[in-house]
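# What the coordinates show
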Amino acid sequence: MDKAYQPAEIERRLYAEWEAAGYFQPGDATDTYCIMIPPPNVTGTLHMGHAFQHTIMDALSRYQRMRGRATLWQPGTDHAGIATQMVVERQLEASGEHRLDLGREKFIARVWDWKHESGGTISKQMRRLGDSVDWTRERFTMDEGLSKAVTQVFVQLYREGLIYRGTRLVNWDPVLHTAVSDLEVVSAEESGHLWRFRYPLTDGSGHLVVATTRPETMLGDTAVAVHPDDERYQKLIGKTVTLPLAEREIPIIADNYVDPEFGTGCVKITPAHDFNDYEVGQRHQLEQINILTIDAALNDDVPAAYRGLDRYDARKRVVADLEAAGLLDGIDEHRLMVPRGDRSGAVVEPFLTDQWFVRVAPLAEPAIRAVENGDIRFVPENWSKTYYEWMRNIQDWCISRQLWWGHRIPAWYDEAGQVYVGADEAEVREANNLDEQLALRQDDDVLDTWFSSALWPFSTLGWPAQTDALKAFYPSSVLVTGFDIIFFWVARMIMMGLKFAGDVPFREVYITGLIRDQDGQKMSKSKGNILDPLDLIDGCDLETLVSKRTSGLMQPKLKPRIEKATRKQFPNGIPEFGTDALRFTFARLASTGRDINFDLPRVEGYRNFCNKLWNAARYVLMNVEATPPDTAIDTTLPGRWIRSRLGKLITDVHTQFAAYRLDLAAKALYEFTWNEYCDWYLELTKPILQNDGDIAQQHASRRTLVVVLEQLLRCLHPIMPFITEEIWQKVAPVAGASGDTIMLQAFPENTAFPADDAAEAEMAWLQGFVLGIRQIRGEMDIAPRRPLPVLLRSVASQDKQRLADHGRYLQSLAGLEKIDILHGDGKPPPSATALLGDMQILVPLEGVIDVAAEISRLRRNHDRLSADLERSRNKLANERFVANAPADVVDKERGRQAGLDKDLRRIDEQLAQLQALQ
RNA sequence: AGGCGCGUAGCUCAGUUGGUUAGAGCGCUACCUUGACAUGGUAGAGGUCGUUGGUUCGACUCCAAUCGCGCCUACCA
């Protein structure tokens, strides 16, 4: 074995072996476990958030697989309608082409080309991350099977009246030329203005003043509204105003929607271009005048002067014209929420179009109940609130998109505009007895990407066919995902799963935090703070990193700043850490219910951990390879102790996995490995193995060394798959484990390693002894290699026994020359002191210790002890404490006080003796 | 406006039903190349747990208020 762990070659080799051997496939156990991957965009790349979630999913999968369950981690990708179409459109643009020139069919062919070209990136990344997904079952949302499922669901929902088509006001993206759902619109506060305009009353008796943030839409006004109780405008209700510029007569109506306190208390109503106004218009049967084109320019339904103007040019023109006409009452600065498309960034327009909708409320009801009654559990629990909040106020879902890339809506129209919905044209014709001569045209629109994603948990398993996979793995066990797609995806999967697969799609939903950068900033390309998980695994030199972060920026002017920040944060680029170190970092950071600020130095720490494990294994193998261990029972203290500790670790790891606390599982594993196994156990085997001691004990210790390591490797494997497999391959034969891979070994159970309280108590004594000496050594600046003579005082018979049993460990770990017991009231020489229970451990000063230094060390101890003692005394002097606190707490406090008191007296004695020397 | 969350060591974070001296990693200080490991070892410094009040024998932990930060949902033209 190399002296240091070298991950790169090992990882690639092992993953290929695992995959070729079919270890990722579920096997045929009846107890099943299943995780559906949240399908990433097929042409995208995995970012840190993916790597984090994949670490969790893979650790869970490997853990359950080792527990003997038939485990399926279902992989696949999403066609990501808008995102993918945009990428390909941009590629066309670069070569001077345009989607519309190409035509639908050719364009879609180009997208498929791109999918094939770039779709391999994600699977490569997943393989490097060690993801144990069943590649033989990989799916894509536009696969034939999944597309069939989409059609079937659409048709059934339509037949049940849960899908309908209608002319509605929707969010229109004027750049992408498509409708988008509410969820795809992000509103942010921006500065703007609030204009006040005078609208003259038609009867010439004056005017009223309306306030608006969108002057250009006044050309589509069909009413002015006031609050019914607003005394100022009482007598105007029912009258009309003459809409300026358009010169149309429109009514003054009363509606509770108006807030009399805001603006002037008069609202212009534009039903075709504002969601609230639309509602008002419905209530008052107002005309809807659409004044915009699909590009958000003004159309031909406005006066000639404004036709063809972009909405913002029109705004200027309208304001100028009204001002010229003396109708501008004033302008105020105003902060307002501006809705933008999450993909294009364009300001979205409420726009009247024909679209398809899902009537969601009836589907939401059982989906709400499923969470209420515990069929689905959110982890952490409080996310269920977010879920309820949205589900209980759910709006119909606009599912049609005016795109080409996606599942085309299975609806056909005849020339009269009659719509027929069915699986395909032939079926539609047959079902409706349509003449072959009758021309049918399929709906041009495609479905929202999330429509197919909603079916993912059962469509990937073969639904609508009742496949064996569906029976075995539906419902899946847990969904691991981010809070940002609870509405987009989680809620919709639950609704569709209940409706079509007859059960919830998963039992638990583990909502992970977001991976942010070291300063808590969201990672994004535009901020230039993204990290590629593979760069952390393989390393990345500074120049490559800079160019990755600064190329293809939406705002090129940010480039210098990003470059500077990057050079500052990574002066030497990123070193190679390996997959396991990255995964362990993610696991260690995966505390629930909060976002994660990704701290790069931490990865380095866990790379060191890998190296520590690697070298521990080297030590073990060095000691056991030559003489294979026999099966003798280990009666040595260190052996009994480490087995007992291992049992506790195993219990802990099971508990934490069950609670999705991978951070605590990783913490327990780290601490056991480093602080117990390496720091103490390996060190304690040295005096056993290196001296000419008891041969039986040596054999037993070799066995414990290798058995504990082998079990530890299994425990670590779900989080650190590669290093554990590599070491296991070497360790298993000497540990007496059979099998080809650690992946399929049984996860350890604590029953094989019962608690040994006696050993733990003795070991605590031993550790206390060693630490006491080390403390003196460290603080007195005594050379580590210098053997020290030690005197013991107040030695109880138990101490004597322990000394006899474990003296050699003390000598080895504390570097002792000899240990003498001070009998009776023999006067000790001036010494440095450590306390161990009642026993005093004395290191004679002569020639070794600086008296003044020891005095100051003892004083510090004295101060600390007396502060503690005083606190304890006060507590016990408090009658109410003694009366009210549980007896065991009081007893504990009394014992503590007695101990502190005794320790303090010993320290003071020692102090007095030393002070007398000065 | 409503909802959720956060504030603990220089930095990034743990702290499970209230109960000894509040922990870890990184960083920092001193010493140490001892045959598993300098990607290491040993010892050490460093925190009035955002603030105030309350409940309690006892509060990092429970309650209320308050300050600061973040996110989500909805939205007044």
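One structure accompanies this document, and this report is about it. All residue numbers here refer to positions counted from 1 along the written sequence of the relevant chain. The lettering of chains begins at A and the numbering of ligands begins at 1, in the order of writing. Local features in a predicted model are, by the rule used here, given only for residues with pLDDT of at least 70; side-chain atom pairs are given and counted only at 80 or more, and totals for whole chains, interfaces and linings are based on all residues. Computation of side-chain values: all heavy atoms of the structure, hydrogens and water removed.

### Quick notes on the overall build of chain A
Cut-off, in case you're wondering: Starting at the N terminus, helices and strands are each numbered in turn, a helix being any DSSP run of H or I of at least four residues and a strand any DSSP run of E of at least two. Our radius of gyration looks at C-alpha atoms and nothing else; its globule reference is 2.2 Å times the residue count to the power 0.38. When a residue's accessible area, from a 1.4 Å probe over protein chains only, is under 20% of the maximum for its type it is buried; when over 50% it is exposed; and in between it is partly exposed. Only heavy atoms matter for contacts: two residues are in contact if any of them lie within 4.5 Å across the pair. Here the accessible surface of atoms and residues is derived via Shrake-Rupley with a 1.4 Å probe, and residues count as covered only by protein chains that are part of the display. None of His or the chain ends enter the tally, which takes Lys and Arg as positive and Asp and Glu as negative. The location of each charge is read from NZ of Lys, CZ of Arg, CG of Asp or CD of Glu.
In terms of helices and strands, chain A carries 30 helices and 29 strands. Taking 29 Å as the expected radius of gyration for a compact globule of 918 residues, we find that chain A reaches 37 Å, considerably beyond that expectation. On the principal axes, the C-alpha backbone points of chain A span a range of 120 × 65 × 60 Å. Counting only residues that meet the buried cut, chain A has 53% of its 918 residues in that class. Of the contacts made within chain A by residues no fewer than 6 positions apart, 77% connect residues no fewer than 24 positions apart. Here chain A has roughly 40,300 Å² of accessible surface; of this, 48% comes from carbon and sulfur atoms. Averaging the locations of the 106 positively and 132 negatively charged side chains of chain A gives two centres separated by 6 Å.

### Considering the sheet that holds strand β19 (residues 419-421)
Cut-off, in case you're wondering: Paired strands, in this sense, are two strands between which DSSP finds at least two bridges.
Taken together, 3 strands build an open sheet; the order of strands is β19-β18-β20 and the sheet is antiparallel. Lying at the two open borders of the sheet, with one neighbouring strand each, are β19 and β20 (441-442). Relative to β20, strand β18 (residues 411-413) runs antiparallel, the two sharing 2 bridges. Each residue of the ladder has a partner; that of Tyr413, found in β20, is Arg441.

### Concerning the environment of Tyr312
The topology assignment puts Tyr312 in helix α9 (residues 311-324). Each C-alpha atom of the pair Tyr312 and Arg214 lies 9.3 Å from the other, and the pair is 98 residues apart in sequence.

### Things to note about the pairing of strand β23 (residues 506-512)
What counts here: With its strands directed away from the observer, a crossover is right-handed exactly when the path from the first strand over the helix to the second travels clockwise.
The buried count for β23 comes to 6 of 7 residues, which makes it a mostly enclosed element. Here strand β22 (residues 476-482) runs beside β23; their pairing, made up of 6 bridges, is parallel. Among the inter-strand pairings, Leu479 is bridged to a residue of β23, identified as Val509. A crossover links β22 with its parallel partner β23, the connecting element being helix α16 (residues 486-501), and its sense is right-handed.

### A look at the sheet that holds strand β6 (residues 178-180)
Taken in spatial order, the 4 strands line up as β6-β5-β14-β16 in an open sheet, and their pairing is antiparallel. The sheet is open, and its two borders are formed by β6 and β16 (397-398), each paired with just one other strand. Sheet analysis places strand β14 (residues 349-358) next to β16, joined by 2 bridges and oriented antiparallel. In the sheet register, Val358 faces β16, and the bridge partner there is Trp397.

### Quick notes on the protein's contact with RNA strand B
Quick note on the threshold: We call a residue near a molecule or strand whenever a single non-hydrogen atom of that residue lies within 4 Å of it. Polar contact criterion, stated in full: a pair of N or O atoms within 3.5 Å, where within protein one must be able to donate a hydrogen and the other to accept it, and residues adjacent in sequence count only if both atoms are side-chain atoms.
Near RNA strand B lie 59 residues; those nearest to it are Asn276, Met337, Ser591, Trp674 and Arg896. Among atoms of RNA strand B positioned within 4 Å of the protein, sugar and phosphate together represent 65%. In the model, a base nitrogen of RNA strand B is placed 2.7 Å from a nitrogen or oxygen of the Asp259 main chain. Side-chain polar atom of Arg661 to a phosphate oxygen of RNA strand B: 3.1 Å apart, as the coordinates give it. Listed by contribution, the elements that provide at least two residues to the surface near RNA strand B are β8 (207-212), β13 (328-341), α21 (600-624), α23 (662-690), α26 (757-780), α29 (879-884) and α30 (887-917). The dominant element in the surface near RNA strand B, judged by the number of residues it contributes, is α21, at 11 residues.

### Let's talk about helix α5 (residues 104-118)
Quick note on the threshold: Expected span of a helix, by definition, is 1.5 Å for each gap between consecutive residues, and there is one gap fewer than residues.
Helix length check: α5, at 15 residues, gives a terminal C-alpha distance of 21 Å against a target of 21 Å (1.5 Å per residue), a fit within 8%. Along its buried surface, α5 packs onto α3 (81-94), α4 (99-102), α6 (120-129), β4 (139-140) and β21 (446-447).

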